[in-house]
Amino acid sequence: MAEGNPKFIADVMLGKLARWLRILGYDVAYDPNADDEALVQRAVNEGRILLTKDRRLVERWRKKLRQHGYLLLDSDDWREQLRQTVAHFG
């Protein structure tokens, strides 16, 4: 992917999505052992957009996530998550 494309960080529930976004050339960080605070801190420090299915995480950390953004996914199916993410960010 060219410079300027979004960089993501995926929460623990989105491992398959992270893998497929990487296959498509996106920069996606994924650490299945990171807790919510570590995930948000890494997103902020590295300028990454958080991909998550966890509404409570978003509600709790919305102010910190606002700068780089987040996408709250609603599907349990990785294919639909991939479609939603690519459609949202292009």
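Figured I'd write up the structure that's included with this text. Bear in mind that the values here come from a model prediction, so they are computed numbers and not experimental data.

## Some remarks on the packing of aromatic side chains
- For the structure on display, the rule yields three aromatic pairs.
- Each ring, one from phenylalanine 8 and one from tyrosine 26, has its centre 5.7 Å from the other, and the planes form 55 degrees; the classification is tilted. Linking phenylalanine 8 in strand E1 (residues 7-10) with tyrosine 26 in the loop between helix H1 (15-23) and strand E2 (27-30), this pair joins segments that are 18 residues apart in sequence.
- For tyrosine 26, a relative accessible area of 10% corresponds to the buried category.
- Between phenylalanine 8 and phenylalanine 89, the ring centres sit 5.1 Å apart and the planes meet at 70 degrees, which makes this aromatic pair edge-to-face. Highlighted residues: phenylalanine 8 in strand E1 and phenylalanine 89 in helix H4 (residues 78-89), separated in sequence by 81 residues.
- Since its relative accessible area comes to 1%, phenylalanine 8 is described here as buried.
- Feature note: the residues Phe8, Tyr26 and Phe89 constitute an aromatic cluster, connected by ring pairs.

## Remarks on the sheet that holds strand E4 (residues 70-72)
- Pairing is parallel across the open sheet formed by four strands, whose spatial order is E2-E1-E3-E4. Looking at which strands have only one partner, the edges of the open sheet turn out to be E2 and E4. Taken pair by pair, the neighbouring strands of this sheet meet at an average axis angle of 25 degrees, ignoring direction.
- Across four bridges, the pairing between E1 and E2 is parallel. Within the sheet, the bridge partner assigned to alanine 10 lies in E2 and is tyrosine 30.
- Sitting on the sheet, helix H2 (residues 36-46) is in contact with E1, E2 and strand E3 (49-52), with an inclination near 175 degrees to E1.

The rules behind the values
Residues numbered from 1 in each chain as written. Predicted model: local features only at pLDDT ≥ 70, side-chain atom pairs only at ≥ 80, totals over all residues. Heavy atoms only, no water. Phe/Tyr/Trp six-rings, centres within 6.5 Å; stacked < 30°, edge-to-face > 60°. Helix = DSSP H or I, 4+ residues; strand = E, 2+ residues; numbered from the N terminus. Buried < 20%, exposed > 50% of the residue type's maximum accessible area, 1.4 Å probe, protein only. Pairing = 2+ DSSP bridges. Axes fitted to C-alpha atoms, helices over the stretch in contact; angles between N-to-C directions. Contact = heavy atoms within 4.5 Å.

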